[in-house]
Amino acid sequence: MSSQPPEAPAPSLTERRKAATRLDIARAAAELFTERGPDGTTAEDIARRAGVGPRTFYRYFRDKRDAVGPLLAAGGDHWRALLAATEPGTALPAALEQAVREALAAPDTHAAERLEQTRALLRAATGDPALRSVWYRVNQESEELLVPVTARLAGSGADPLESRLAAAAATAAIRIALETWAATDAPAEGPGSPAELAVRCLRHLMAGPLPPGTDGGHPSGPAARHGWDPSMR
């Protein structure tokens, strides 16, 4: 019997249209926030840039800052899908690391531009508590959606607590990596890139703290119980 989850039904045409409209509004909001800042942008400005009316805007979003949520969530959706498609039997830490590398890679101009857009939003959020709360909410929702994926990959005999901790560690690794990268002018690929930073964060978080008196050579966290040694590259 396959351990792969059943495929979700394909979205209807109406659902696809709604998703496209949400994304159009989100992109318009991100563009305007980058150009003018959140305080210099109104919901009406965003609606006008997206080619929709204000009533349509408020049908999808509570306020102007909430409008960038779909863009901030898109990366998490992508990497969670990559993780869900992992071959059965792959060790959880290795699966997490591979999915992170692929999701945060910038092999082409489109991917690099998407990361730069995220950097601009995170920089704007630094001085904007309301926008920062949208970022934190997106990460919390992503972590909750990730738990069943990590639980499936960990296997039927895995401790549910460890599956939840793995989801939290992976989400935190990506969040911290993106925030750290956004505060620099590092490129989207190579040393200091989101992918490189996220893998470093993930290895530290999954290895867990070392007990006092150890020589630092043996992992003690959840990763060790799932067959991964952070000293192995």
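Residues numbered from 1 in each chain as written. Predicted model: local features only at pLDDT ≥ 70, side-chain atom pairs only at ≥ 80, totals over all residues. Heavy atoms only, no water.

1. Some details on the overall build of the chain
The line we're drawing: Helix and strand assignments follow DSSP, with helices taken as H or I runs no shorter than four residues and strands as E runs no shorter than two, numbered in order from the N terminus. Type-normalised accessible area, obtained with a 1.4 Å probe on protein chains alone, sets the label of each residue: buried when under 20%, exposed when over 50%, and partly exposed for intermediate values. Whether two residues are in contact is decided by their heavy atoms: any pair within 4.5 Å suffices. What sets the accessible areas is the Shrake-Rupley method with a 1.4 Å probe; for residues, cover comes only from the shown protein chains.
Within the chain, the regular secondary structure consists of 10 helices and zero strands. For the chain, the succession of helices and strands along the chain, N to C, is α-α-α-α-α-α-α-α-α-α. When each of the 233 residues of the chain is scored for burial, the buried share is 42%. Across the chain, contacts joining residues at least 24 apart in sequence account for 64% of those joining residues at least 6 apart. If you sum the accessible surface of the chain, you get close to 12,700 Å²; carbon and sulfur atoms cover 56% of it.

2. Points about the nonpolar core
Which entries qualify depends on this criterion: Nonpolar core, defined: a set of buried Ala, Val, Leu, Ile, Met, Phe, Trp, Tyr and Cys residues in which side-chain atoms within 4.5 Å join the residues together.
Formed by 60 residues in total, the largest nonpolar core has its most connected members in Trp79 and Leu83. A total of 10 residues in this core trace back to one element, the largest contributor, which is helix α8 (residues 160–182).

3. Observations concerning α8
Under the convention used in this document: Take the residue count of a helix, subtract one, and multiply by 1.5 Å to get its expected span. As used in this structure description, the phrase polar contact means that two N or O atoms lie within 3.5 Å; if the pair is within protein, one of them must be able to donate a hydrogen and the other to accept it, and residues adjacent in sequence are counted only when both atoms belong to side chains.
Taking 1.5 Å of rise per residue, the 23 residues of α8 would be expected to cover 33 Å, and the 33 Å separating its terminal C-alpha atoms lies within 8% of that figure. N-cap assignment for α8: the residue whose side-chain oxygen lies 2.9 Å from the backbone N of Leu161 is Asp159.

4. Remarks on the pattern of salt bridges
Definition in use: For this document, the term salt bridge refers to a Lys or Arg side-chain nitrogen within 4 Å of an Asp or Glu carboxyl oxygen.
Under the criterion given, the structure shown has 17 salt bridges. The shortest N-O distance in the salt bridge between Arg65 and Asp128 comes to 2.9 Å. Of this pair, Arg65 sits in the loop between α3 (54–60) and α4 (69–84) while Asp128 is found in the loop between α6 (109–126) and α7 (129–154), placing the two residues 63 residues apart along the sequence. Here Arg65 matches Asp128 in class, with each residue buried. A network of salt bridges, in which partner residues are shared, links Arg62, Asp66, Arg137 and Glu141.

5. With respect to the environment of Ala81
With respect to the element layout, Ala81 can be found in helix α4. Judged by its relative accessible area of 46%, Ala81 falls in the partly exposed class. Taking the C-alpha atoms as reference points, Ala81 and Val149, 68 residues apart in sequence, are found 9.2 Å from one another.

6. Brief notes about the confidence of the model for the chain
Here is the rule: Residue-level confidence of the predictor, termed pLDDT, takes values from 0 up to 100.
On average, the chain scores 87 in pLDDT, and the residues at 70 or more come to 85%. The spread of mean pLDDT over the elements of the chain runs between helix α10 (residues 222–225), the lowest at 48, and helix α2 (residues 43–50), the highest at 98. Taken together, the stretch residues 210–233 has pLDDT below 50 and engages in 35 contacts with residues farther than four places along the chain or on a different chain.

7. Re the packing of α4 against α7
To keep it simple, the criterion reads: The angle between two axes is taken between their N-to-C directions and runs from 0 to 180 degrees, where each axis is a line fitted to C-alpha atoms and a helix contributes only its stretch in contact. Note that the term roughly parallel is reserved for angles under 35 degrees, roughly antiparallel for angles over 145, roughly perpendicular for angles of 65 to 115, and oblique for everything else. Charged residues are taken to be Asp, Glu, Lys and Arg, nonpolar residues to be Ala, Val, Leu, Ile, Met, Phe, Trp, Tyr, Cys and Pro, and polar residues to be all remaining types, Gly included.
At a minimum axis distance of 10 Å, the contact between α4 and α7 shows a crossing angle of 10 degrees. Taken as axis vectors, α4 and α7 run roughly parallel relative to one another. Counted together, Gly69, Leu72, Ala73, Gly76, Trp79, Arg80, Leu83 and Ala84 of α4 and Val134, Trp135, Arg137, Val138, Ser142, Leu145, Leu146, Val149, Thr150, Arg152 and Leu153 of α7 form the full contact between these two elements. Among the residues forming the contact of α4 with α7, the class breakdown is 12 nonpolar, four polar and three charged.

8. A closer look at the packing of aromatic side chains
How we decide: Aromatic pairs are defined between Phe, Tyr and Trp rings, using the six-membered ring for Trp, whenever the two ring centres lie within 6.5 Å; interplanar angles under 30 degrees are classed as stacked, those over 60 as edge-to-face, and all others as tilted.
With the rule as written, the count across this model stands at two aromatic pairs. Geometrically, the ring pair formed by Phe57 and Tyr58 is edge-to-face, given 5.1 Å between the ring centres and 85 degrees between the ring planes. Relative accessible area serves as the criterion here: at 45%, Tyr58 is assigned to the partly exposed category. With 5.9 Å between their ring centres and 45 degrees between their planes, Phe57 and Phe61 make a pair best called tilted.

9. Digging into the side chain of Thr41
Along the chain, Thr41 turns up in the loop between α1 (13–36) and α2. Here Thr41 falls in the buried class, since its relative accessible area comes to 0%. Reaching out from Thr41, the side chain makes a polar contact with the backbone oxygen of Leu32 at a distance of 3.4 Å. In this structure, Thr41 is in contact with Leu32, Phe33, Arg36, Ile46 and Lys64, ignoring residues within four places of it in sequence.

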